[in-house]
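Here are the chains, one letter per residue:
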Amino acid sequence: MNNKILKYIVLGLGIYAIAAGLIINFYKDDPQGMYWQDRESFNKRYLSKLKADSPVFLDQVFNNLGSPDLTFAKRKGDDVFQIIYYRTQHEHSDGITTKDECTGMFFKNEQLVAWGPGAEIAYDRVN
């Protein structure tokens, strides 16, 4: 009888491990469905993984992070410049997301050019 119980325990743990592995590998986080604290951490983690030598496009960011908290755009000739902000640090409990609570991402023609403090500087230089 002890042998039978042991088999069920091992079988149960095996099924649990497989289910957990499948969820971890195939379940995509949805920032829109997260609490604000979780979304902040998710945004910060995503931004920390960006690399200057890997091209990132605007639609990729929207697919991964969802809608930005703040967005601004300019057109200069045939070029479109956008800066989008995602909240990465909580500053004020007033229900309003402001730039000082966000990290900016600067795009030229939908390709990421700069992020972090340099994003706003680059955006401001566009006349």
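Model, not experiment: these values are computed from the prediction.

Draft legend 1. Examining the pairing of strand β2 (residues 79–87) more closely. Most of β2 is tucked away, with 7 of its 9 residues classed as buried. As paired strands, strand β1 (residues 70–76) and β2 are joined by 7 bridges and run antiparallel to one another. Opposite K76, over in β2, you have D79 as the bridge partner. If you look at the hairpin formed by β1 and β2, you'll find 2 residues sitting between the two strands, and G77 has a positive phi there, around 65°. With 7 bridges connecting them, β2 and strand β3 (residues 102–108) associate as antiparallel partners. Looking at the pairing, I84 lines up with M105 of β3.

Draft legend 2. Up close: the nonpolar core. Ranked by internal contacts, the top residues of the largest apolar core, which has 13 residues, are L50, V61, I84, M105 and F107. For this core, the secondary-structure elements that each account for two or more residues are α2 (36–48), α3 (58–65), β2 and β3. Sequence-distant contacts of F107, that is, excluding residues within four places in its chain, are made with V56, F57, L58, V61, V80, F81, Q82, I84, L112 and V113. With 11 residues, the next largest nonpolar core counts L70, F81, I83 and A122 among its residues.

Parameters at a glance
In every chain, residue numbers begin from 1 and rise along the written sequence. Given that this is a predicted model, residues contribute local features only at a pLDDT of at least 70 and side-chain atom pairs are listed and counted only at 80 or more, while totals for whole chains, interfaces and linings are drawn from all residues. With hydrogens and water stripped out, all remaining heavy atoms of the structure feed into the side-chain values. To sort residues, take the accessible area from a 1.4 Å probe on protein chains only and compare it with the maximum for the residue type: under 20% means buried, over 50% means exposed, and anything in between is partly exposed. Secondary structure elements are taken from DSSP: a helix is a run of H or I of four residues or more, a strand is a run of E of two residues or more, and numbering for both begins at the N terminus. Strand pairing follows a simple DSSP-based rule, namely that at least 2 bridges must link the two strands. We define a nonpolar core as any set of buried Ala, Val, Leu, Ile, Met, Phe, Trp, Tyr and Cys residues linked to one another through side-chain atoms lying within 4.5 Å. Throughout, a contact is declared for two residues whenever any of their heavy atoms are within 4.5 Å.

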